[in-house]
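Results of the structural survey
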Number of protein chains: 2
Amino acid sequence: SPSPASPMEAADKFMEFPHVSAPHRSLMIDLVSAVEERLGSQLLPCALPHDVRYYQSDAGSARGSLYVRRGQGPSKVDFLLGSWLNCQLPTGGSLNITSLSVYLNNSTDAPNFLFELIRSSPTSLVLILDLPPRKDLVTDPDYLSTFYEDTQLESRRQVLDKLPEAQPYFSSALYIRCVVSPTAIMLRIESGAGKAERLDEIVENHVSPVAKEVLGIWLDKCAAVDRNVEEEERAYLGRRDGIIKRKTIEIDLGSSFPRLFGPEIAKRVLDVLREVYGV
Amino acid sequence: SPSPASPMEAADKFMEFPHVSAPHRSLMIDLVSAVEERLGSQLLPCALPHDVRYYQSDAGSARGSLYVRRGQGPSKVDFLLGSWLNCQLPTGGSLNITSLSVYLNNSTDAPNFLFELIRSSPTSLVLILDLPPRKDLVTDPDYLSTFYEDTQLESRRQVLDKLPEAQPYFSSALYIRCVVSPTAIMLRIESGAGKAERLDEIVENHVSPVAKEVLGIWLDKCAAVDRNVEEEERAYLGRRDGIIKRKTIEIDLGSSFPRLFGPEIAKRVLDVLREVYGV
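Everything numeric in this text was worked out from a predicted model, so none of it was measured.

As a further point, take the packing of aromatic side chains. Per the stated rule, a full pass over the model turns up 22 aromatic pairs over all chains. Between B:Y54 and B:W84, the ring centres sit 6.1 Å apart and the planes meet at 55°, which makes this aromatic pair tilted. With a gap of 30 residues between them, B:Y54 in the loop between α3 (50–53) and β1 (55–56) and B:W84 in strand β3 (residues 77–88) connect regions that are remote in the sequence. Joined through ring pairs, the aromatic side chains of A:F14, A:F17 and A:Y67 make up one cluster. Seen from the ring of B:F170, A:R157 lies directly overhead, with NZ or CZ sitting 3.8 Å from the centre.

Within this structure, the stated rule accounts for four cavities of 30 Å³ or more. Its volume calculated, the largest cavity comes out at about 830 Å³. Taken together, 41 residues line the largest cavity, and the ones lying closest to its centre are A:R177, A:S181, B:R177, B:V180 and B:S181. Secondary-structure elements contributing two or more residues to the lining of the largest cavity are α5 (153–161), α6 (174–179) and β8 (185–190) of chain A together with α5 (153–161), α6 (174–179) and β8 (185–190) of chain B. Looking at the lining of the largest cavity residue by residue, the classes come out as 26 nonpolar, three polar and twelve charged.

Before going further, it helps to examine the relation of the copies chain A and chain B. Screw-axis analysis of chain A against chain B gives a translation of 0.0 Å along the axis, an RMSD of 0.0 Å, and a rotation angle of 180°. Such a turn and shift between the copies fits a two-fold axis. By C-alpha distance to the rotation axis, the residue of chain A lying nearest is A:D136, at 3.1 Å. Of the residues that chain A buries at the interface, 100% are likewise interface residues in chain B, meaning the two copies contact each other through the same surface.

Before going further, it helps to spend a moment on the confidence of the model for chain A. Low-pLDDT stretches of the model should not have their predicted coordinates read in fine detail. Mean pLDDT over chain A stands at 94; residues scoring 70 or higher make up 96%. For this predicted complex, the interface confidence comes out at an ipTM of 0.93, alongside a pTM of 0.94.

As a further point, take the nonpolar core. Counting residues in hydrophobic clusters, the biggest one holds 186 residues, and the most contacted among them are A:F113, A:F115, A:W218, B:F113, B:F115 and B:W218. In this view, A:F113 contacts A:L100, A:S101, A:V102, A:L129, A:D130, A:L131, A:P132, A:V214, A:L215 and A:W218; residues no more than four positions away in its chain are not counted.

Moving on to the side chain of B:S65. Residues and elements named next belong to chain B. The topology assignment puts S65 in strand β2 (residues 62–70). By relative accessible area, which is 0% here, S65 ends up buried. Within polar-contact distance, the side chain of S65 engages the backbone oxygen of R53 at 2.6 Å. Aside from chain neighbours lying at most four places away, what touches S65 is K13, F14, V52, R53, Y54, Y55, G82, S83 and W84.

The set of residues buried in helix α4 (residues 141–149) of chain B consists of B:P141, B:Y143, B:L144, B:F147 and B:Y148. End-on view of α4(B): buried residues confined to an arc of 145°, all on one side of the axis. For α4(B), the secondary structure elements touched by its buried residues are α6 and α8 (231–254) of chain A together with α5 and α7 (196–223) of chain B.

Moving on, we get to the pairing of strand β6 (residues 124–130) of chain A. Within a regular strand, the side chains alternate between the two sheet faces. Residues and elements named next belong to chain A. The buried fraction of β6 amounts to seven of the seven residues, a majority that puts the element mostly inside the structure. Alternating residues of β6 divide into S124, V126, I128 and D130 and L125, L127 and L129, and every residue in both groups is buried. Sheet topology note: the strand β5 (residues 113–121)/β6 ladder contains seven bridges and is antiparallel. Considered in β6, the bridge of E116 is made with I128. Between β5 and β6, which follow one another and run antiparallel, lie two residues. Sheet topology places β6 next to β8; six bridges connect them, and they run antiparallel. Each bridged residue has a counterpart across the sheet, and for L129 the counterpart in β8 is I185.

Residue and element names in this part refer to chain A. Where α8 meets helix α9 (residues 256–277), the closest approach of the two axes is 10 Å, and the angle between their N-to-C directions is 160°. As summarised for this structure, α8 and α9 are arranged roughly antiparallel, according to the angle between their axes. The interaxial crossing formed by α8 with α9 has right-handed handedness. The segment α8 lies against α9, with K245, I249, D252, L253 and G254 engaging S256, F257, P258, L270, L273, R274 and Y277. Classifying every residue of the contact of α8 with α9 by side-chain character gives seven nonpolar, two polar and three charged.

As a further point, take the sheet that holds β2(B). Residues and elements named next belong to chain B. Taken together, the eight strands give an open sheet; going across it, the order is β1-β2-β3-β4-β5-β6-β8-β7, and neighbouring strands pair in antiparallel fashion. Each having just a single partner strand, β1 and β7 (166–168) make up the two edges of the open sheet. Judged from the nine bridges that link them, β2 and β3 form a sheet pairing that is antiparallel. Looking across to β3, one finds that R63 is bridged to N86. Against the sheet, helix α2 (residues 22–39) contacts β2, β3, β4 (94–104) and β5 (113–121), and its axis sits at roughly 15° relative to β4. Along the sheet, helix α9 (residues 256–277) contacts β1, β2, β3 and β4; its crossing angle with β2, the most-contacted strand, is approximately 0°.

Moving on, we get to the interface of chain A and chain B. How big an interface is tends to be expressed through the accessible area that disappears when the partners come together. Between chain A and chain B, the residue contacts involve 24 residues of the former and 24 residues of the latter. Our enumeration of links across chain A and chain B arrives at four salt bridges. Where chain A meets chain B, there are eight residue pairs in polar contact (both at pLDDT 80 or more). Elements with a contribution of two residues or more to the side of chain A that touches chain B: α4 (141–149), α5, α6 and α8 of chain A. Across the side of chain A that touches chain B, the residue classes tally to 15 nonpolar, two polar and seven charged.

About the thresholds
- Residues numbered from 1 in each chain as written.
- Chains lettered and ligands numbered in written order.
- Predicted model: local features only at pLDDT ≥ 70, side-chain atom pairs only at ≥ 80, totals over all residues.
- Heavy atoms only, no water.
- Phe/Tyr/Trp six-rings, centres within 6.5 Å; stacked < 30°, edge-to-face > 60°.
- Helix = DSSP H or I, 4+ residues; strand = E, 2+ residues; numbered from the N terminus.
- Lys NZ or Arg CZ within 6 Å of the ring centre and 35° of its normal.
- 1 Å grid on protein atoms, 1.4 Å probe; cavity = no way out; pocket = protein on both sides within 12 Å on 5 of 7 lines; lining within 4 Å.
- Points joined across faces, edges and corners; volume = space filled by probe spheres on them.
- Nonpolar A, V, L, I, M, F, W, Y, C, P; charged D, E, K, R; others polar.
- Least-squares fit on C-alpha atoms with pLDDT ≥ 70 in both.
- Contact = heavy atoms within 4.5 Å.
- pLDDT = per-residue confidence, 0-100.
- Core = buried A, V, L, I, M, F, W, Y, C linked by side-chain atoms within 4.5 Å.
- Buried < 20%, exposed > 50% of the residue type's maximum accessible area, 1.4 Å probe, protein only.
- Polar contact = N/O pair within 3.5 Å; in protein donor to acceptor, adjacent residues only side chain to side chain.
- Arc of directions from axis to C-beta.
- Pairing = 2+ DSSP bridges.
- Axes fitted to C-alpha atoms, helices over the stretch in contact; angles between N-to-C directions.
- Parallel < 35°, antiparallel > 145°, perpendicular 65-115°, else oblique.
- Left-handed = near helix turned anticlockwise from the far one by under 90°.
- Salt bridge = Lys/Arg side-chain N within 4 Å of Asp/Glu carboxyl O.

Set out below in structure tokens:
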């Protein structure tokens, strides 16, 4: 079985995105860098143990990396969470998932940031890009206008939705459909047999500019804005955020992680995530 | 200008659905009849004034019909609301909208029923079929499992989603996207130039059976089930239902009705709707 990464290796592993295509890697690095450039001074360095910064299954068929920076002092950021995952598929191909999310704390009720690319074959990609709301939009139409209508997020969704290779993606988990916003970009992009290059071109020329724009909107209109949040509201936000985090871990990782990495590594990684999430 | 319908004519006008194709009409009649058969004994007769049961624009280019039956006594039904609308389009074609919704009152928190067909040309149809939730599904995962997971509504959505002529429909109103459930069937079905018959075949053989199944689920699992709703919860439901009703009228009818029917008729119909909605 492969030897574990040394602490020094593990520290840099996240930003390497070693298993994805060049445009996919560039996009991830650009997004993480953009957040760190704008919010870095409010963030503590990543303090994760090296065996969750980089981890791999005993059989060597799956590996992953976690990266977490918590907000400090008066920052509105709760934490930034980056991750990647690579695993060999029984079919011979490999699955690559990369994600970046930034959670705000309850000093603000502004939306979080969420970006995820799931490449399940050279020609097949699922894209999730959203500013998930932190309140019930049904009872709070003002929140809907402020963060989703006035920001014109729908126009960005439509840009990608119009790609001939794209179709709306419906998560099999109904709960995930509930936590995203009405302008969430959830697409399955299929470039057709043998056309892996076209998919990378789409990532570079279409997904990347839209993702950067949406992140820019989030940095300007969500992360940087002071919102007046009363005490009672903070309790509500804390409770709602907590339910989402618990359910997300359960749905996203609860079943797949033990299967991919075995119970021991899965427990190690999930324990760290639960601790970061505070749930 | 056309003479107004007599009171006797107006009384029957709703169930005539005079401007839509035979399969479209049959489906509407079947759905209304199914609700009335199951819940009719709990419903008061329609008591709307004849000039909203049937109304038309002065120029005669648009006409519509409303039908409302309120719940009585210990019924969980707030009201049943049916409507149709027909108007000539500047392009020469016509637009037909038919809808049936049933709203429950705050003795229960179970979902409402919503069905709408928008036929904007002989070959183009928008279908909205949903049990809109009455609570924030994000903070109430049990409600999500009870009404949406355990009922297998997603499998019905997928049946229609798989039609080659169907694609997901995104309402231009973000608020409407927020009020529907994660298993909402929102589809645009286009049968292609010259293939109006194929669209009617889809209504008859695909939309109709699924709509009846979903209505059956609603009748069995929502309208017929006793839910324990505490006093505080009732206040919340009343508030949330009220916000949705106000926003729905505003979005759905507020701007289009005055344009189609002129200010006087629009006010008459909207006033009746506001009174029924209690907003």
